[in-house]
Amino acid sequence: MISCRGVCVTLGDHLVLDGIDLRVERGEWVSIVGPNGAGKSTLLRFLTGAVRGTGDLHLGGRPFGALNRRERALLVALVPQSPVIPIGMRVLDYVLLGRTPHIRPLGVEGPHDMAAVHDALAHLDLLEFADREVTTLSGGERQRVLVARALAQGAPLVLLDEPTTALDVGHQQQVLELIDDLRREHDLTVVTTMHDLTLAGQYAERLVLLDGGRVVVDGPADEVLTEENLASYYGARVRIIQDGGRPVVLPVREQRIHDRTS
Amino acid sequence: MTQVATTVSPAPSLRAAGLRPGWLVAGFAAVAAAAVAGLVMGPVQLTPLEVVRQLLGLGSDLDARQIAIVEQIRLPRVVLGLLVGSTLSLCGASYQGVFRNPLADPYLLGAAAGAGLGVTIVIVGAAEGATTPALAPLAAFVGALGAVALTYALGTSGGGRASTASLILAGVAVASFLTAMQTYVQQRNQDTIRQVYSWILGRLSTAGWHEVRLLLPYAVVTWVVLLAHRRVLDVLAVGDDEAATLGVHARRSRLIVIIAASLGTAAAVSVSGLIAFVGIIVPHTVRLLAGQSHRVVLPLSILFGGAFLCLADLLARTLSSPAEIPIGVVTAFFGAPFFVLVLRSSRRMGATT
């Protein structure tokens, strides 16, 4: 679904992505993790075409440069980390924005688009919110609206930039479960950036650890989330607990480690 | 919450934001009421029914002098008021949408000042003649577009994207500079100073259909282009990056809307002078009352903007008859308190700030 080789992105004078190689197969869930400033969000933005860079990128088997904006939008949907929510816009109209690539440039939506919006709202349990203004919703509800917009867009590849950052632990799980259900049901390919490593390991099939704009580790959660990796790339002191085959990342204070080792 | 609905019931009444028929009817009613009021009121009072019958060609009791007053004096002026008001409101609403700034209007961005400079130069050059020179719309357009381009260039010159604050500040600087140049040109040419000055204050006095004919082609182009972009403007409200992920060519769409709005503003300004406030007050009132979507705001701004300016012109020429108050004074004097009332009574006050 995604294939990039040697991708470099420079923002200002700063080389943010420094030769990224990444392959994501159809139907996979890949989480991009890494310390602040590693280039996670920039990589997602590169995949949508929002930032330009050098290197080779194929989406759905087609070279990215050969796709026009609409074709890209039909292929990739982005759930941004801090979206601009227009004031006064209803949930229904916001989700309808996802249909934009399906609508003629200067035309308006048809019954087919409204049906797709209805499906997306129904899937995310949002029908009762259809007439509410997005700005009046809680964080968890708002995140579901964003996912609904991406679903209405009908793109096989969904990129989510920190989908859980603003949510409490219950809503984090709820949103990630929803995304996983949608992925299975609609055969979506999902790429997320994640700060919460435990959640990343529990939902994604594969983790890609970025540091300094490079892929430093790429593999299943238990290979990526090791005490050594997190110490060297995050500068973090953690303990890894295995819970049903999935690693749980537990941050620990330096004090405790001294106690334990002395 | 985590279960996913497996069957989807047929769509209930999901309706996209759009123009409700009730508002459309209200808009046309306002236009009709304002137009009839503009036709029947004045130094010679006429009865609405007779005027309407006359215009519809049904025959009426009006005598030849009254018919001449209606058809040759008042009707062109009413039509000009409708055209100018609707175009200024539509352009204001579009500027606000495209810059995502509730304060954006032809005046803040320097477009009106640039148009003013262009028209002043043309009037000074043409010297004699009471009607608007035919070159005026073109000169105004060049001035307006140049001013907006300058504002945008200055607003983005710090590198990166134009923040709304830097854009507005740049607009104020550009407008001040161009107004200063305009005043200089105006003062240097004493023989045309009266003509320029009366134009600056804004007026809808028209010699027959000349001004209407001058404005109409530009207004039609502006309306068509801007109305065609009503849904795109809603998409642009989420920002350029996100709009791009939805398949919209954000920069190109913005540019087209800015050029069209500048064209409309320039054409309106070139025939009517600087009529402030219409481009801000009408779109915001519509937003507060009928909804935020551009699919609602743009068409209703056309209707209510036309009606508003038509009524303002009626007041301008009747309040201290036979003298005329500059229409810009009327729009601000009555428009501002009305707008404050709408703003205060609206529970969605935060929506415009």
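Bear in mind that the values here come from a model prediction, so they are computed numbers and not experimental data.

1. Here's the deal with the interface of chain A and chain B
- Listed per partner, the contact involves 41 residues of chain A and 29 residues of chain B.
- Listing elements by their share of the side of chain A that touches chain B, those giving two or more residues are helix 2 (69-75), strand 6 (76-79), helix 3 (91-97), helix 4 (111-123) and helix 6 (169-186) of chain A.
- With 7 residues, the top contributor of residues to the side of chain A that touches chain B is helix 4 of chain A.
- Here the side of chain A that touches chain B is composed, by residue class, of 23 nonpolar, 7 polar and 11 charged.

2. Remarks on the environment of Gln-72 of chain B
Residue and element names in this part refer to chain B.
- Here Gln-72 lies in helix 3 (residues 64-98).
- Judged by C-beta crowding, with 13 C-beta atoms within 10 Å, Gln-72 ranks as partly exposed.
- Spatially, the C-alpha atoms of Gln-72 and Gly-208 are 5.9 Å apart, while their sequence positions differ by 136 residues.

3. Observations concerning the nonpolar core
- Core analysis: the biggest nonpolar cluster contains 185 residues, and Val-76, Val-95, Ala-148, Val-158 and Leu-159 of chain A together with Ala-140 of chain B have the highest contact counts within it.
- For this core, the element with the most residues is helix 13 (residues 294-318) of chain B, which contributes 15 residues.
- Among residues more than four places away in sequence, those in contact with Val-76 of chain A are Leu-47, Thr-48, Leu-59, Ala-155, Leu-157 and Leu-159 of chain A together with Thr-245 of chain B.

4. Section: the sheet that holds strand 3 (residues 29-33) of chain A
All names here are of chain A.
- Here 6 strands make up an open sheet; going across it, the order is 6-7-8-3-9-10 and the pairing mixed. Each edge of the sheet is formed by a strand with only one pairing partner; in this case those strands are strand 6 and strand 10 (214-219). When the angles between neighbouring strand axes are averaged without regard to direction, this sheet yields 20 degrees.
- Both strand 6 and strand 7 (residues 157-161) contribute to a ladder of 4 bridges, which runs parallel. Its bridge partner being in strand 7, Val-76 is matched across the sheet by Leu-157.
- Lying on the sheet, helix 1 (residues 40-48) is in contact with strand 3, strand 6, strand 7, strand 8 (189-193) and strand 9 (206-211); it crosses strand 7 at an angle near 150 degrees.

5. Points about the sheet that holds strand 1 (residues 2-11) of chain A
All names here are of chain A.
- Pairing within the open sheet is antiparallel, and its 4 strands lie in the order 2-1-4-5. Here the strands that pair on one side only, and so sit at the sheet edges, are strand 2 (14-24) and strand 5 (62-63).
- Judged from the 5 bridges that link them, strand 1 and strand 4 (residues 54-59) form a sheet pairing that is antiparallel. Note on strand 4: the bridge partner recorded for Ser-3 is His-58.

6. Regarding the pairing of strand 9 of chain A
Residue and element names in this part refer to chain A.
- Of the strand pairs in this sheet, strand 3 and strand 9 are connected by 4 bridges, and their pairing is parallel. Bridge pairing links Ser-31 to Leu-207 in strand 9.
- In this sheet, strand 10 lies alongside strand 9 in antiparallel orientation, the contact comprising 5 bridges. Opposite Val-208, over in strand 10, you have Asp-218 as the bridge partner.
- Counting the residues in the hairpin turn of strand 9 and strand 10 gives 2 residues, including Gly-212, whose phi is positive at 60 degrees.

7. Describing unusual backbone geometry
All names here are of chain A.
- We note that Asp-125 has phi near 60 degrees; this positive angle belongs to a residue other than glycine.
- Tracing the backbone through its elements, the reader meets Asp-125 in the loop between helix 4 and helix 5 (139-153).
- When the 17 C-beta atoms within 10 Å are taken as the criterion, Asp-125 is described as partly exposed.
- Notably, Asp-187 is not glycine yet its phi reads approximately 55 degrees, a positive angle.
- Along the chain, Asp-187 turns up in the loop between helix 6 and strand 8.
- Residue Asp-187 is classed as exposed on the basis of its C-beta count, with 10 C-beta atoms lying within 10 Å.

8. Topic: helix 5 of chain A
Residue and element names in this part refer to chain A.
- With 15 residues, helix 5 should cover 21 Å at 1.5 Å per step; its first-to-last C-alpha distance of 21 Å lies within 8% of that length.
- The buried count for helix 5 comes to 12 of 15 residues, which makes it a mostly enclosed element.
- Buried residues of helix 5: Arg-142, Gln-143, Arg-144, Val-145, Leu-146, Val-147, Ala-148, Arg-149, Ala-150, Leu-151, Ala-152 and Gln-153, and no others.
- Where the residues of helix 5 are buried, they touch helix 2, strand 6, helix 3, helix 4, strand 7 and helix 6.
- Of the residues trailing helix 5, Gly-154 is marked for its positive phi of about 70 degrees.

9. Considering the packing of helix 8 (residues 210-228) of chain B against helix 11 (residues 250-272) of chain B
Residue and element names in this part refer to chain B.
- Following both chains from N to C, one finds helix 8 and helix 11 inclined at 160 degrees, their axes separated by 9 Å at the closest point. Considering their axes alone, helix 8 and helix 11 lie roughly antiparallel with respect to each other. Judged by the twist between their axes, the crossing of helix 8 over helix 11 is left-handed. On the side of helix 8, the interface is formed by Glu-211, Leu-214, Leu-215, Tyr-218, Ala-219, Val-221, Thr-222, Val-225 and Leu-226, while helix 11 contributes Ile-256, Val-257, Ala-260, Ala-261, Leu-263, Gly-264, Ala-267, Ala-268 and Val-271.

10. Here's the deal with the confidence of the model for chain B
Residues and elements named next belong to chain B.
- Mean pLDDT for chain B: 83, with 90% of residues reaching 70 or above.
- Low pLDDT (under 50) marks residues 1-11, which in the prediction has 18 contacts with non-local residues, meaning those over four places away or in another chain.
- For residues 348-353, every residue scores under 50 in pLDDT, and the model assigns this stretch 13 contacts once sequence neighbours within four places are set aside.
- For this predicted complex, the interface confidence comes out at an ipTM of 0.85, alongside a pTM of 0.85.

Definitions and cut-offs
- One numbering rule holds for all chains: residues counted from 1, following each sequence as written.
- All chains are assigned letters beginning at A, and all ligands numbers beginning at 1, according to the order in which they are written.
- In keeping with the model being predicted, local features are shown solely for residues with a pLDDT of at least 70 and side-chain atom pairs are shown and tallied solely at 80 or more, while totals for entire chains, interfaces and linings include all residues.
- Placing a C-beta atom from the backbone of each residue, one calls two residues in contact when those atoms lie within 7 Å.
- By definition, any uninterrupted DSSP run of H or I lasting at least four residues is a helix, any uninterrupted run of E lasting at least two residues is a strand, and each is numbered from the N terminus.
- Amino acids outside the nonpolar list (Ala, Val, Leu, Ile, Met, Phe, Trp, Tyr, Cys, Pro) and the charged list (Asp, Glu, Lys, Arg) are all regarded as polar, and Gly is one of them.
- Counts of 20 or more other C-beta atoms within 10 Å of a residue's own C-beta define buried residues, counts of 12 or fewer define exposed ones, and intermediate counts define partly exposed ones; C-beta atoms are placed from the backbone.
- What we call a nonpolar core is a set of buried Ala, Val, Leu, Ile, Met, Phe, Trp, Tyr and Cys residues whose membership is set by joining through C-beta atoms within 7 Å.
- For two strands to be treated as a pair, DSSP must find no fewer than two bridges joining them.
- Here, axes are lines fitted to C-alpha atoms. For helices the fit covers the stretch in contact, and angles between N-to-C directions go from 0 to 180 degrees.
- Here, expected helix span is obtained from the residue count minus one, scaled by 1.5 Å.
- Oblique is the label for any angle not covered by the other classes, which are roughly parallel (under 35 degrees), roughly antiparallel (over 145) and roughly perpendicular (65 to 115).
- Each helix crossing is assigned a hand: it is left-handed if the near helix lies turned anticlockwise from the far helix by less than a right angle, otherwise right-handed if that turn is clockwise.
- How sure the predictor is of each residue is captured by pLDDT, a score from 0 to 100.

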